[in-house]
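The lines below spell out each chain.
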Amino acid sequence: MTRFATAKYSNIELVKDLAIGSFRVVSGLIEDLYYKTPELTDDAYKSPAEFYQSYGYRFEQHKIVTEDGYILSAWRVPGKLTESFKDISGKPAVMLQHGLLDNSGTFTVGFSNQSLPILLCNEGYDVWITNTRGNFNSFEHTNPKEYSVFDMHSKYWNFTFDSMGYYDLPSNIDYILDYTENKKLTYIGHSQGTIQFFAGNSIKNIASKVDSFVGLGPVMYVENQRSPIITLLKVSGVSTLLKWLDFNNLLIWPTIVNVSLKSIVRPLRKTVFRFIQMIVGLKKEVSVDLSRMPVMGRHEPGGTNLQNMMHWLQMVVTGNFARYNYGKEENLRVYGQEDAPFYDLEVLKENIKDLDMFLIRGSIDVFVAQEDFDKLLDVLAFKLGTTLNYKVVKDYDHLDYIWADSSYEEVALPVLEFLRNKRANQ
């Protein structure tokens with residue numbers, strides 16, 4: 001695989017992007033204040049169950065307990081309201097896994113006719129939308145005394161995407177397969193939903209229970225990420241300060257806050273969107289229908305913990321695909337060595353060698369820089385053209401895969417075509 005030269009995100013570029021981003025936020029605020037505020041779309045008032053049921057689909061919520069006691073929430077959309085239980089039984093299962101600081105509600109932000117869960121349901125799939133530990137939909141533990149989510153010093157907050165790959169991913173898959181009586185399922189991950197799949201399969205074989213993998217904004221390396229806000233966190237030392245203060249959860253608040261956020265976002269649609277762009281990638285165009293921003297406020301952000309964010313920042317600094325670095329003393333206790341070990345790529349390759357994979361990357365995705373994507377393709381080079389194909393979407397950033405107005409044409413249709421071909425050849 002041909003590698004591109006590494007192009008580090010310089011301080012000058014960071015300052016320039018922060019200035020551009022800030023200008024657009026202020027410009028968005030001026031527009032929001034000047035123009036009459038539109039009414040809220042009906043979807044902004046709906047709970048997850050109400051969203052899917054109002055469009056004619058069944059909805060269930062399941063609780064899944066991991067091996068280490070975390071209680072995860074999964075949403076199931078098994079079919080249309082007009083379908084009987086007999087019709088639903090025996091459908092192939094598909095699992096959708098959200099990204100960092102996100103939750104299963106992200107798939108309701110777009111219009112129903114571009115919603116992946118609904119489109120997959122129309123294709124005859126039993127759809128499961130899972131939540132990682134530590135977001136506000138998966139905020140429980142079997143031992144609440146020692147793992148209290150309300151105590152920032154409790155054991156609950158000691159996890160990163162490493163735990164998601166080792167515990168959450170296989171627990172979710174096993175539960176779904178057992179419940180639906182399928183032998184394998186289709187896995188669709190966005191962002192962190194892809195790295196936890198790679199991490200988990202570099203430790204143990206999870207892919208043996210997956211018949212196909214779709215990666216939206218696939219991530220294994222992030223050394224060359226170019227997010228203004230994330231880079232500012234890295235260079236400012238804010239994360240270190242939060243760690244020193246034992247401030248262990250990030251952007252997590254009661255669900256009632258999100259119910260209120262829709263009304264706060266309503267008059268500030270473009271302002272909020274322009275701020276989000278400072279995280280996921282600056283571009284002049286508005287790629288999302290702004291009427292959906294209050295819907296986003298109804299469900300986002302999902303939140304996570306500080307240690308998980310620190311793990312991501314460690315990978316930005318080192319450029320490695322490695323486990324969390326606790327420091328020498330704790331590394332010795334946890335890993336039996338002073339340095340955090342790299343994820344075992346040979347084990348990963350062996351586990352995914354027969355897995356059909358389809359990756360979609362946005363050309364301006366700041367979290368999937370060309371250089372880092374090339375490194376991922378180098379790891380997967382032995383699959384290229386046989387069990388691995390990928391697509392690059394022009395001018396797509398990190399959230400466009402799910403939220404963009406054009407996501408149906410650019411993402412959903414290619415994904416559905418990939419899955420149709422897979423099923424036709426089985």
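Residues numbered from 1 in each chain as written. Predicted model: local features only at pLDDT ≥ 70, side-chain atom pairs only at ≥ 80, totals over all residues. Heavy atoms only, no water.

### What to know about the environment of Q277
- Secondary-structure assignment places Q277 in helix 10 (residues 269-280).
- Between the alpha carbons of Q277 and S22 there is a distance of 10 Å; along the sequence they are 255 residues apart.
- What Q277 contacts, discounting residues up to four positions off in sequence, is L282, K283 and E285. (Helix = DSSP H or I, 4+ residues; strand = E, 2+ residues; numbered from the N terminus. Contact = heavy atoms within 4.5 Å.)

### A word on the packing of aromatic side chains
- Tallied over the entire structure, the rule returns 29 aromatic pairs.
- On the numbers, 5.3 Å between centres and 65° between planes, the contact of F51 with Y55 is edge-to-face.
- Between Y70 and Y156, the ring centres sit 4.9 Å apart and the planes meet at 45°, which makes this aromatic pair tilted. Here the residue Y70 occupies a position in strand 2 (residues 70-77), and Y156 occupies one in the loop between strand 5 (140-141) and helix 5 (161-180), the gap between them amounting to 86 residues. We note that Y70, like Y156, is buried.
- Site record: aromatic cluster; members linked through ring pairs are Y70, F139, Y147, Y156, W157 and F159.
- In this arrangement the basic side chain of K204 is found over the ring face of Y166, its NZ or CZ atom lying 3.8 Å from the centre.
- When the ring centre of F111 is taken as reference, the NZ or CZ atom of R292 above it lies at 4.7 Å. (Phe/Tyr/Trp six-rings, centres within 6.5 Å; stacked < 30°, edge-to-face > 60°. Buried < 20%, exposed > 50% of the residue type's maximum accessible area, 1.4 Å probe, protein only. Lys NZ or Arg CZ within 6 Å of the ring centre and 35° of its normal.)

### A few points about the packing of helix 5 against helix 6 (residues 192-201)
- Packing of helix 5 against helix 6 leaves a shortest axis separation of 8 Å and a crossing angle of 70°. The angle between helix 5 and helix 6 falls in the class roughly perpendicular. Taken together, the residues of helix 6 that come into contact with helix 5 (itself represented by F161, M164, G165, Y166 and L169) are Q192, I195, Q196, F197, A199 and G200.
- When grouped by side-chain class, the residues that make up the contact of helix 5 with helix 6 number seven nonpolar, four polar and no charged. (Axes fitted to C-alpha atoms, helices over the stretch in contact; angles between N-to-C directions. Parallel < 35°, antiparallel > 145°, perpendicular 65-115°, else oblique. Nonpolar A, V, L, I, M, F, W, Y, C, P; charged D, E, K, R; others polar.)

### Points about the confidence of the model for the protein
- Here the protein shows a mean pLDDT of 90. Residues at 70 or above account for 93%.
- Throughout residues 1-6 the model reports pLDDT below 50, and contacts reaching past four residues in sequence, or to other chains, amount to 14 contacts. (pLDDT = per-residue confidence, 0-100.)

### Focus: the pattern of salt bridges
- Under the criterion given, the structure shown has 22 salt bridges.
- Measuring nitrogen to oxygen at the nearest pair gives 2.5 Å for the salt bridge that ties R333 to E330. Taken together, the residues span about one helical turn, with R333 and E330 both in helix 13 (residues 328-335) at a distance of three residues.
- Classification of R333 by relative accessible area gives exposed; the value is 61%. (Salt bridge = Lys/Arg side-chain N within 4 Å of Asp/Glu carboxyl O.)

### With respect to the side chain of S148
- Mapped onto the elements of the fold, S148 is located in the loop between strand 5 and helix 5.
- Of note is the side chain of S148, whose polar atom sits 3.1 Å from the backbone nitrogen of F150.
- The residues contacting S148, other than those within four sequence positions of it, are S154, Y156 and W157. (Polar contact = N/O pair within 3.5 Å; in protein donor to acceptor, adjacent residues only side chain to side chain.)

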